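# Chain and residue survey
Here is what each chain is made of, one letter per residue.
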Amino acid sequence: MENSLKALILAAGTVITCVVITLGFYLSKEAQSTASTGTSKIGKINSEFAENDKTMYDNVTVSGSEVVNAIKKLDGEFVGINVITNNSNDFYGYQFDISSGEIMMKSTKSYSQAISSSASNYINPYASFKGKVIRNGNNVITGLKFEQV
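The structure contained in this document is the topic of the report that follows. (Residues numbered from 1 in each chain as written. Predicted model: local features only at pLDDT ≥ 70, side-chain atom pairs only at ≥ 80, totals over all residues. Heavy atoms only, no water.)

### A few points about the overall build of the protein
Looking only at helices and strands, the protein features 3 helices and 7 strands. Across the protein, helices and strands are ordered from the amino to the carboxyl terminus as α-β-α-β-β-β-β-α-β-β. A compact globule built from 149 residues should have a C-alpha radius of gyration of about 15 Å, whereas the protein, at 30 Å, is more than 25% larger. Overall, the C-alpha framework of the protein stretches about 110 × 30 × 25 Å when taken along its three principal axes. Counted over contacts in the protein with a minimum sequence separation of 6, partners at least 24 positions apart contribute 51%. Looking at charge distribution, the protein has the averaged site of its 13 positive side-chain charges lying 1 Å from that of its 13 negative ones. (Helix = DSSP H or I, 4+ residues; strand = E, 2+ residues; numbered from the N terminus. Rg over C-alpha atoms; globule rule 2.2 N^0.38 Å. Contact = heavy atoms within 4.5 Å. Lys, Arg positive; Asp, Glu negative; His and termini not counted. Charge placed at Lys NZ, Arg CZ, Asp CG, Glu CD.)

Below, the structure is given as structure tokens:
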């Protein structure tokens, strides 16, 4: 009788141990899934935050002075700015394909030309421009397009 009682206690202990271990693995898997989801969301927020200096122009009407500021601010970055005025259609920084968003080559236009009232590509600081963000096939911002309205 004493041996059978010990066997039952040992069996119960083994079952409880298995249940605790199974529960531990289950909680570990759930925690890993939650952490993965959280990491993914944090990565997305970081990406949006990093692009904020460009996405702020998407579908927004801005003044010509704001367009010129964008040209100056984004100078040196791997992004192009297409400005369409009543007199010209010019690229600053890099030239890119409007439909695919692919960068084609470095532009020869400069910030100083955009602010020179005697230049053909002068940007009137008081004119209004509609902004648009251009992305490539990898969903990376490669350009900004400003069209005078």
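### Brief notes about helix H2 (residues 64–73)
Here H2 has its buried residues at Gly 64, Val 67, Val 68, Ala 70 and Ile 71. All buried residues of H2 fall inside an arc of 155 degrees around its axis, so they share one side. Its buried side turned inward, H2 meets strand E1 (61–63), strand E2 (80–84), strand E3 (89–92), helix H3 (111–115), strand E6 (128–135) and strand E7 (141–148). (Buried < 20%, exposed > 50% of the residue type's maximum accessible area, 1.4 Å probe, protein only. Arc of directions from axis to C-beta.)

### Overview of the pattern of salt bridges
Applying the stated criterion across every chain yields a total of 4 salt bridges. The salt bridge partner of Lys 54 is Glu 77, with a shortest N-O separation of 3.2 Å. With a gap of 23 residues between them, Lys 54 in helix H1 (residues 2–55) and Glu 77 in the loop between H2 and E2 connect regions that are remote in the sequence. According to the relative accessible area criterion, Lys 54 is buried, its value standing at 10%. Among the ionic pairs, Glu 147 bridges to Lys 145, the shortest N-O distance being 4.0 Å. Judged by its relative accessible area of 37%, Glu 147 falls in the partly exposed class. Taken together, the shared-partner salt bridges in this structure form one network comprising Asp 53, Lys 54 and Glu 77. (Salt bridge = Lys/Arg side-chain N within 4 Å of Asp/Glu carboxyl O.)

### So, the packing of aromatic side chains
A complete count under the given rule lists 3 aromatic pairs for this structure. Consider the rings of Tyr 57 and Phe 146, whose centres lie 5.4 Å apart with planes at 80 degrees: the pair is edge-to-face. With a gap of 89 residues between them, Tyr 57 in the loop between H1 and E1 and Phe 146 in strand E7 connect regions that are remote in the sequence. Looking at Phe 146, the relative accessible area reads 0%, which means it is buried. Lying across the ring of Tyr 94, Lys 106 places its NZ or CZ 4.9 Å from the centre. (Phe/Tyr/Trp six-rings, centres within 6.5 Å; stacked < 30°, edge-to-face > 60°. Lys NZ or Arg CZ within 6 Å of the ring centre and 35° of its normal.)

### With respect to unusual backbone geometry
In this model, Asn 59 sits at a positive phi of 55 degrees, which is unusual for a non-glycine residue. On the secondary structure map, Asn 59 appears in the loop between H1 and E1. Look at Asn 59 and you get exposed, because its relative accessible area is 54%. Of note in this structure, Asn 139 is not a glycine but carries a positive phi near 65 degrees. Along the chain, Asn 139 turns up in the loop between E6 and E7.

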